[in-house]
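Chain by chain, the residues run as shown.
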Amino acid sequence: MFDQLDSFIIRYEELSELLSDPEVINDTNRLMELTKEEASLRVKVETFKHYQQVVRDLKDTEDMLNEGLDAEMAEMAKEELADLKKEKAELEEQIKFLLLPEDPNDGKNIIMEIRGAAGGDEAALFAGDLFGMYSKYAESQGWRVEVMEANITGIGGYKEIILMITGDNVFSKLKYESGAHRVQRVPSTESQGRVHTSTATVVVMPEAQEVEVELEDKDIRVDIYHASGAGGQHVNKTASAVRLTHLPTGIVVAMQDERSQLKNREKAMKILRARVYDKISQEAQSEYDANRKSAVGTGDRSERIRTYNFPQNRVTDHRIGLTIQKLDQILSGKLDEIVDALILFDHTEKLEQLNNGNE
């Protein structure tokens, strides 16, 4: 473990030098890449240096006690020794977490798909609530949300809405949101005041770059057609809608939101690339889960992961048994408590797996 940390310190110092190199400063792409790497190592390096200082202080305090002190000084040294031992143990646990294998997708932007599922209009309205919740959370994180495609119902909900969320470490915080979300509330159309249950599904996919997923032209069928729906005369005159079919996987993406065929194609390619990458990742994860089942982040996409109960202002995440009586705050985008709990649970589980594997 400490050999690995020593190598991090060496690399961190190399990066500090590189980031002051004029050649690197003038190369925007390389500068961004190295800055990101430096930031990812900073916490590990600072924590390890703190740990090293605590170990030195611990040895110094033990040496003082062995040299012989008066009763008062000896008592103070013993108290300090106890505090240092406790801090050393806490830092060792913290370092173990920091050294867990990182998800290579954690730093990526995401494409999120939200769909109304069981429950008709009420499910579509709930999909709209989830869209609002994630948009407000993204805003609080300083992220940017772009609606790629939206299928709006007559009452203002969404049969489907596809978002692209860009910013720092978006996937690391939202990757646990994939699954079925259930709502329990009295619909506005319910005259008897009965609570109805509806569901919406969420899929979170890391944005895939061309170098990660190579989609060959021969594997993609492109269909161009006239857009339908709202948009006035334009939709009848211009064939701007694009449908891409990835023949090897059968994945289909249709896009008609933009007036430009080129823009629709660019958006469709982003979604197609993410879906193909996601399919490959899910298949690899399924193979891994055959041996080890993770409780969060990799479950079946149809699995019910969370319930939003309006009458009791309650949100429950079923994977980790977390219940919070703050539904109104959660829907207003205050997701940190849930996100942090899921990350901690996932990291703790991975650490246990790592420890068991080392036994």
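- Going by an unreviewed UniProt entry, the protein chain carries the name Peptide chain release factor 1 and comes from Granulicatella seriolae.
- Taken from UniProt, the Subcellular location (unreviewed entry) comment for the protein chain reads in full: "Cytoplasm".
- What the UniProt record of the protein chain gives under Function (unreviewed entry) is the line "Peptide chain release factor 1 directs the termination of translation in response to the peptide chain termination codons UAG and UAA."

Focus: a nonpolar patch on the surface
(1) Moving on: On the surface, a cluster of nonpolar side chains totalling about 330 Å² of accessible area is made up of Met-64, Leu-69, Met-73 and Met-76.
(2) Moving on: Take Met-73: its relative accessible area is 36%, and that puts it in the partly exposed class.

Let's talk about the pairing of strand β9 (residues 304–309)
(1) Moving on: Counting buried residues along β9, 5 of its 6 residues qualify, which places the element largely inside the surrounding structure.
(2) Moving on: Pairing of strand β4 (residues 179–185) with β9 involves 5 bridges; the strand directions are parallel. Bridge pairing in β9 links Ala-180 to Arg-304.
(3) Moving on: Pairing of β9 with strand β10 (residues 314–317), which is carried by 4 bridges, proceeds in the antiparallel orientation. Counted as the bridge partner of Asn-309 is Arg-314 from β10.
(4) Moving on: Two successive antiparallel strands, β9 and β10, enclose a turn made up of 4 residues, where Asn-313 displays a positive phi of approximately 50°.

Comments concerning the nonpolar core
Most often, soluble globular proteins have nonpolar side chains that are buried together.
(1) Moving on: Ranked by internal contacts, the top residues of the largest apolar core, which has 35 residues, are Met-112, Ile-114, Leu-130, Tyr-134, Leu-174 and Tyr-308.
(2) Moving on: Take this core: its biggest share by element is 8 residues, from helix α5 (residues 121–140).
(3) Moving on: Leu-174 has contacts with Ile-110, Met-112, Tyr-134, Tyr-137, Trp-143, Ile-165 and Val-204, leaving out every residue within four places of it along the chain.
(4) Moving on: Formed by 19 residues, the second largest nonpolar core is a distinct cluster that contains Val-242, Ala-268, Ile-271 and Leu-272.

A word on the pattern of salt bridges
Working definition: two side chains of opposite charge can pair if their charged atoms are close together.
(1) Moving on: The tally for this structure, following the rule as stated, stands at 21 salt bridges.
(2) Moving on: A salt bridge links Lys-267 to Glu-146; its shortest N-O distance comes to 3.9 Å. One end of the pair, Lys-267, is in helix α8 (residues 261–289); the other, Glu-146, is in strand β2 (residues 144–152), with 121 residues separating them in the sequence.
(3) Moving on: Judged by relative accessible area, which is 9%, Lys-267 ranks as buried.
(4) Moving on: A salt bridge links Asp-346 to Lys-350; the shortest N-O distance between them is 3.2 Å. With a gap of 4 residues between them, Asp-346 and Lys-350 both fall in helix α10 (residues 336–358), about one helical turn apart.
(5) Moving on: Owing to a relative accessible area of 3%, Asp-346 belongs among the buried residues under this scheme.
(6) Moving on: Connected through salt bridges with shared partners, the residues Glu-113, Arg-115, Glu-160 and Arg-275 form a single ionic network.

Digging into α5
(1) Moving on: With 20 residues, α5 ought to run about 28 Å at 1.5 Å a step, and its terminal C-alpha atoms sit 29 Å apart, in line with that.
(2) Moving on: The first or second residue beyond α5 is Gly-142, which carries a positive phi of 80°.

Concerning the sheet that holds strand β8 (residues 251–255)
Sheet strands pair via backbone hydrogen bonds, and the direction of the pair is either parallel or antiparallel.
(1) Moving on: Across the sheet, 3 strands lie side by side as β6-β7-β8; this open sheet has antiparallel pairing. Each of the sheet's edge strands pairs with one partner strand only, and the pair in question is β6 (220–225) and β8. Neighbour to neighbour, the strand axes of the sheet diverge by 15° on average, direction disregarded.
(2) Moving on: The pairing of strand β7 (residues 241–246) with β8 spans 5 bridges and is classified as antiparallel. Paired with Val-242 across the two strands is Met-255, which belongs to β8.

Quick notes on the rules
- Residues numbered from 1 in each chain as written.
- Predicted model: local features only at pLDDT ≥ 70, side-chain atom pairs only at ≥ 80, totals over all residues.
- Heavy atoms only, no water.
- UniProt positions renumbered as here; feature names shortened; annotations may be inferred.
- Patch = residues over 30% accessible without salt bridge, like charges linked within 9 Å, V, L, I, M, F, W, Y side chains within 5 Å.
- Areas by Shrake-Rupley, 256 points an atom, 1.4 Å probe, with all protein chains shown as cover.
- Salt bridge = Lys/Arg side-chain N within 4 Å of Asp/Glu carboxyl O.
- Buried < 20%, exposed > 50% of the residue type's maximum accessible area, 1.4 Å probe, protein only.
- Helix = DSSP H or I, 4+ residues; strand = E, 2+ residues; numbered from the N terminus.
- Pairing = 2+ DSSP bridges.
- Core = buried A, V, L, I, M, F, W, Y, C linked by side-chain atoms within 4.5 Å.
- Contact = heavy atoms within 4.5 Å.
- Expected span 1.5 Å × (residues − 1).
- Axes fitted to C-alpha atoms, helices over the stretch in contact; angles between N-to-C directions.

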